[in-house]
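The lines below spell out each chain.
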Amino acid sequence: LIIGLWPPLVRAQAEEPWTPSVFLSQDILDESGASANSAFPVLVADDWGNIHAFWPSQFHEKTGTIGDTVYYARWNGAEWSVPLDIIYMSGERVGGPQAAADSQGWLHLVWKGPNYVWYSRAPITETGSARGWSTPVPVLDSIVSGFSIAVDVEGNLHLVYAVEADVGAVYY
């Protein structure tokens, strides 16, 4: 009987402990000085060893409307960058961003709003500037319950999603 003699094929963190938590959204405040409501973070790694974090934060504006902002921070192997607001959607909620990095040096970002799935991208060398990100464009005009993107070896983007009104259906 040889079962159990092979080492595991996959291990998380080997025998090293997880690193201590870093409070990335600590200084993100709304106009009144209250902490923004941040949720649904996502991570993506690029081919150059960076880890990119994205998350939406909800703000209550002085006008009483709600606006959401997508924040971004990068781990360079030694430290996290200061979080940067890269996308602001006035009067719209931003939900569950998803990101992908391609081998040509681009970061791709999609997120859901009330009626659309939105898309923006930036060269990895310019992700630390809000101006480095393209103007958001709607790529899907459906109310989705979930979605994900991926980039293939040829640099093509792929989007899979589930439409809320069509319960149980997944589309590509």
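Residues numbered from 1 in each chain as written. Predicted model: local features only at pLDDT ≥ 70, side-chain atom pairs only at ≥ 80, totals over all residues. Heavy atoms only, no water.

Participant: Give a description of the overall build of the chain that names residues and reports values.
Facilitator: Scanning the chain for helices and strands turns up 0 helices and 12 strands. Helices and strands in the chain line up, N terminus first, as β-β-β-β-β-β-β-β-β-β-β-β. Counting across all 172 residues of the chain, residues that qualify as buried make up 34%. Excluding contacts between residues fewer than 6 apart, the proportion of contacts in the chain whose partners are at least 24 apart in sequence is 38%. For the chain, the accessible surface area stands at approximately 10900 Å², while carbon and sulfur atoms represent 55% of it. (Helix = DSSP H or I, 4+ residues; strand = E, 2+ residues; numbered from the N terminus. Buried < 20%, exposed > 50% of the residue type's maximum accessible area, 1.4 Å probe, protein only. Contact = heavy atoms within 4.5 Å. Areas by Shrake-Rupley, 256 points an atom, 1.4 Å probe, with all protein chains shown as cover.)

Participant: Lay out the layout of surface pockets with the relevant residues and their values.
Facilitator: In this structure, the largest pocket spans a volume of roughly 490 Å³. Of all the secondary structure elements, the ones that give two or more residues to the lining of the largest pocket are β2 (42-45) and β3 (51-60). Here the element with the most residues in the lining of the largest pocket is β3; it accounts for 4 residues. Per-class residue counts for the lining of the largest pocket are 15 nonpolar, 3 polar and no charged. (1 Å grid on protein atoms, 1.4 Å probe; cavity = no way out; pocket = protein on both sides within 12 Å on 5 of 7 lines; lining within 4 Å. Points joined across faces, edges and corners; volume = space filled by probe spheres on them. Nonpolar A, V, L, I, M, F, W, Y, C, P; charged D, E, K, R; others polar.)

Participant: Outline the sheet that holds strand β6 (residues 95-101), listing residues and values.
Facilitator: Here we have 4 strands laid out as an open sheet, ordered β6-β7-β8-β9, and antiparallel in their pairing. The open sheet has two free edges, formed respectively by β6 and β9 (137-140), since each of these has just one partner strand. Adjacent strand axes in the sheet meet at a mean angle of 30° when their direction is disregarded. Sheet topology note: the strand β8 (residues 117-123)/β9 ladder contains 3 bridges and is antiparallel. Counted as the bridge partner of tyrosine 119 is valine 137 from β9. (Pairing = 2+ DSSP bridges. Axes fitted to C-alpha atoms, helices over the stretch in contact; angles between N-to-C directions.)

Participant: Account for the sheet that holds strand β11 (residues 157-163), with residues named and values stated.
Facilitator: Pairing is antiparallel in the open sheet, where 3 strands are placed in the order β10-β11-β12. Only two strands of the sheet have a single partner each, and these edge strands are β10 (144-151) and β12 (170-171). Pairing of β10 with β11, which is carried by 7 bridges, proceeds in the antiparallel orientation. If you follow valine 151 over to β11, its bridge partner there is leucine 157.

Participant: Tell me what's going on with unusual backbone geometry, and back it up with residues and numbers.
Facilitator: Of note, the phi angle at phenylalanine 40 is positive, near 50°, even though the residue is not glycine. Structurally, phenylalanine 40 is set in the loop between β1 (37-38) and β2.

Participant: How would you summarise the side chain of threonine 69 if you had to cite specific residues and measurements?
Facilitator: Examined against the element boundaries, threonine 69 turns out to sit in strand β4 (residues 66-75). If we ignore the near neighbours within four places in the chain, the residues touching threonine 69 are Trp55, Pro56, Ser57, Phe59, Asp85, Ile87 and Tyr88.

Participant: Break down the nonpolar core for me, citing the residues and quoting the values.
Facilitator: Formed by 18 residues in total, the largest nonpolar core has its most connected members in Phe54, Ile86, Leu109 and Trp133. Listed by contribution, the elements that provide at least two residues to this core are β2, β4, β5 (84-89), β7 (106-112) and β8. (Core = buried A, V, L, I, M, F, W, Y, C linked by side-chain atoms within 4.5 Å.)

Participant: Now, about the packing of aromatic side chains: what can you tell me, with residues and values included?
Facilitator: In total, this model carries 7 aromatic pairs according to the counting rule given. Plain terms: the ring middles of tryptophan 75 and tryptophan 80 are 5.8 Å apart, the flat faces sit at 50° to each other, and that makes the pair tilted. Judged by centre distance (5.7 Å) and plane angle (65°), the rings of tyrosine 116 and tryptophan 118 are edge-to-face. With relative accessibility at 13%, the residue tryptophan 118 sits in the buried group. In textbook terms, an aromatic cluster arises when at least three aromatic residues are bridged by ring pairs, as seen for Phe54, Tyr72 and Trp133. Stacked on the ring of tryptophan 106, the Lys or Arg arginine 121 has its end atom at 3.6 Å from the ring centre. (Phe/Tyr/Trp six-rings, centres within 6.5 Å; stacked < 30°, edge-to-face > 60°. Lys NZ or Arg CZ within 6 Å of the ring centre and 35° of its normal.)

Participant: How would you explain the environment of glutamate 164 if you had to name every residue and give the values?
Facilitator: Its location among the elements puts glutamate 164 in the loop between β11 and β12. Overall, glutamate 164 belongs to the partly exposed group, its relative accessible area being 43%. For the pair glutamate 164 and valine 144, spaced 20 residues apart in sequence, the C-alpha to C-alpha distance is 5.1 Å. For glutamate 164, the residues in contact, after removing those within four places along its chain, are Ile143, Val144 and Ser145.

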